[in-house]
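# Coordinates in review
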Amino acid sequence: MELFPRLYDPLMAPLERLFLERLRRALLRPLAGEVLEIGVGTGRNLPFYGPGVRWTGIEPNPAMRRQAERRLRERGLAGALIAASAEALPFADGRFDAVVSTLVLCSVQDPRKALAEIRRVLKPGGRFLALEHVRIDDPRWAGWALDRLTPAWSRLADGCHLNRLTDRWIAERFAIEEKRTWARGVLVWIVARKEGRSA
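Residues numbered from 1 in each chain as written. Predicted model: local features only at pLDDT ≥ 70, side-chain atom pairs only at ≥ 80, totals over all residues. Heavy atoms only, no water.

### Points about helix α4 (residues 140–156)
The α-helix advances 3.6 residues per turn, and as a result positions three or four apart in sequence lie on the same side. Between its first and last C-alpha, α4 extends 26 Å over 17 residues, near the 24 Å set by a 1.5 Å rise per residue. Its maximal kink placed at Thr150, α4 deviates by approximately 45°, while the proline Pro151 follows within four residues. Of all the positions in α4, only Ala142, Gly143, Ala145, Leu146, Thr150 and Ser154 are classed as buried. Of the residues one or two after α4, Asp158 is the one with positive phi, at around 55°. (Helix = DSSP H or I, 4+ residues; strand = E, 2+ residues; numbered from the N terminus. Expected span 1.5 Å × (residues − 1). Bend = angle between axes of the 7 residues up to and from the residue. Buried < 20%, exposed > 50% of the residue type's maximum accessible area, 1.4 Å probe, protein only.)

The structure is reproduced here in structure tokens:
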């Protein structure tokens, strides 16, 4: 859908100013080493990486990728932006020190497969940093409402699902080091680790 990539930044701008930019900065600024960002989108995270990052990004949507390429040039960040999906990462096992996902796993076709791929490309002891929205059940009607809104919303918002259990799926595959929530748990910040020792 070509309309959604054009509208994404203007629609998100109020939320970015209100709190998302602050969260992105806090999540990403401490990173260093080889970092993979999945679902780069229009490149909203690019201004917040520190100088010690060697960045690689993937984005399957051509229209969003073009916007991210422009931001990458403006930022002067050395890195490669590749057309690929999170479910089939074109990288060797254990390549990255960290993998970043911000507002992405709601829209990949197979989030569990994507998480398995993220785990595969992380070094032992590497970190997965996620900022995602998830399904909630408190209050009890919230999950019911998200389930019913998702089919229509997904068609409008480029495959975004409002009702995914992403935080639980992350906990099944990684050791959670830090978890914060906002908006009654709808928005989650997770820092997780691939268990094992780095070389």
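Picking up after the structure, the text goes on.
### Focus: the sheet that holds strand β3 (residues 79–82)
Spatially, seven strands are ordered β3-β2-β1-β4-β5-β7-β6 in an open sheet, and the strand pairing comes out mixed. Every other strand in the sheet has two partners, leaving β3 and β6 (175–182) as the edge strands with one partner each. The mean angle between the axes of side-by-side strands here comes to 15°, regardless of whether they run parallel or antiparallel. Each of β2 (53–58) and β3 is contacted by helix α2 (residues 62–75), which is oriented at about 175° to β3, the strand it contacts most. Here helix α3 (residues 111–121) sits on the sheet in contact with β1 (33–38), β4 (96–102) and β5 (122–133), set at roughly 145° to β5. (Pairing = 2+ DSSP bridges. Axes fitted to C-alpha atoms, helices over the stretch in contact; angles between N-to-C directions. Contact = heavy atoms within 4.5 Å.)

### Considerations on the pattern of salt bridges
Here the structure, examined in full by the defined rule, presents 14 salt bridges. Glu117 serves as the salt-bridge partner of Arg120, at 2.8 Å between the closest nitrogen and oxygen. Highlighted residues: Arg120 and Glu117, both in helix α3, separated by three residues, approximately one helical turn. Judged by its relative accessible area of 14%, Glu117 falls in the buried class. (Salt bridge = Lys/Arg side-chain N within 4 Å of Asp/Glu carboxyl O.)

### Points about unusual backbone geometry
For the peptide bond that leads from Asp138 to Pro139, omega is 5°, which places it in the cis range. Inspection of the secondary structure assignment puts Pro139 in the loop between β5 and α4. Notably, Arg184 is not glycine yet its phi reads approximately 60°, a positive angle.

### What to know about helix α1 (residues 3–28)
With 26 residues, α1 should reach 38 Å at 1.5 Å per residue; the first-to-last C-alpha distance of 29 Å falls well below that figure. Within α1, the axis deviates most sharply at Glu16, by approximately 75°. Those residues of α1 that sit buried are Phe4, Pro5, Tyr8, Asp9, Met12, Ala13, Glu16, Leu20, Leu23, Arg24, Leu27 and Leu28. Turning to α1, the residues buried within the fold contact α2, β4, β5, α4, β6 and β7 (187–193).

### A word on the packing of aromatic side chains
On inspection of all chains with the given rule, the structure shows three aromatic pairs. On the numbers, 5.4 Å between centres and 35° between planes, the contact of Phe128 with Phe174 is tilted. Note that Phe128 is positioned in strand β5 and Phe174 in the loop between α5 (166–173) and β6, a separation of 46 residues in sequence. Judged by relative accessible area, Phe128 falls into the buried class, the value being 0%. When the ring centre of Trp189 is taken as reference, the NZ or CZ atom of Arg180 above it lies at 4.3 Å. (Phe/Tyr/Trp six-rings, centres within 6.5 Å; stacked < 30°, edge-to-face > 60°. Lys NZ or Arg CZ within 6 Å of the ring centre and 35° of its normal.)

### Quick word on the layout of surface pockets
In this structure, the largest pocket spans a volume of roughly 1,200 Å³. If you go around the largest pocket, you meet 50 residues; those closest to its centre are Phe4, Tyr8, Leu103, Cys106 and Cys160. Elements that contribute at least two residues to the lining of the largest pocket include exactly α1 and α4. Considering every element that reaches the lining of the largest pocket, the biggest residue donor is α1, with 11 residues. Of the residues that constitute the lining of the largest pocket, the class distribution is 29 nonpolar, 13 polar and eight charged. What the second largest pocket holds in volume is close to 210 Å³. The set of elements that each furnish at least two residues to the lining of the second largest pocket consists of α1, β4, β5 and β7. Take the lining of the second largest pocket: its biggest share by element is six residues, from β5. A class-by-class count of the residues in the lining of the second largest pocket yields 10 nonpolar, three polar and four charged. (1 Å grid on protein atoms, 1.4 Å probe; cavity = no way out; pocket = protein on both sides within 12 Å on 5 of 7 lines; lining within 4 Å. Points joined across faces, edges and corners; volume = space filled by probe spheres on them. Nonpolar A, V, L, I, M, F, W, Y, C, P; charged D, E, K, R; others polar.)

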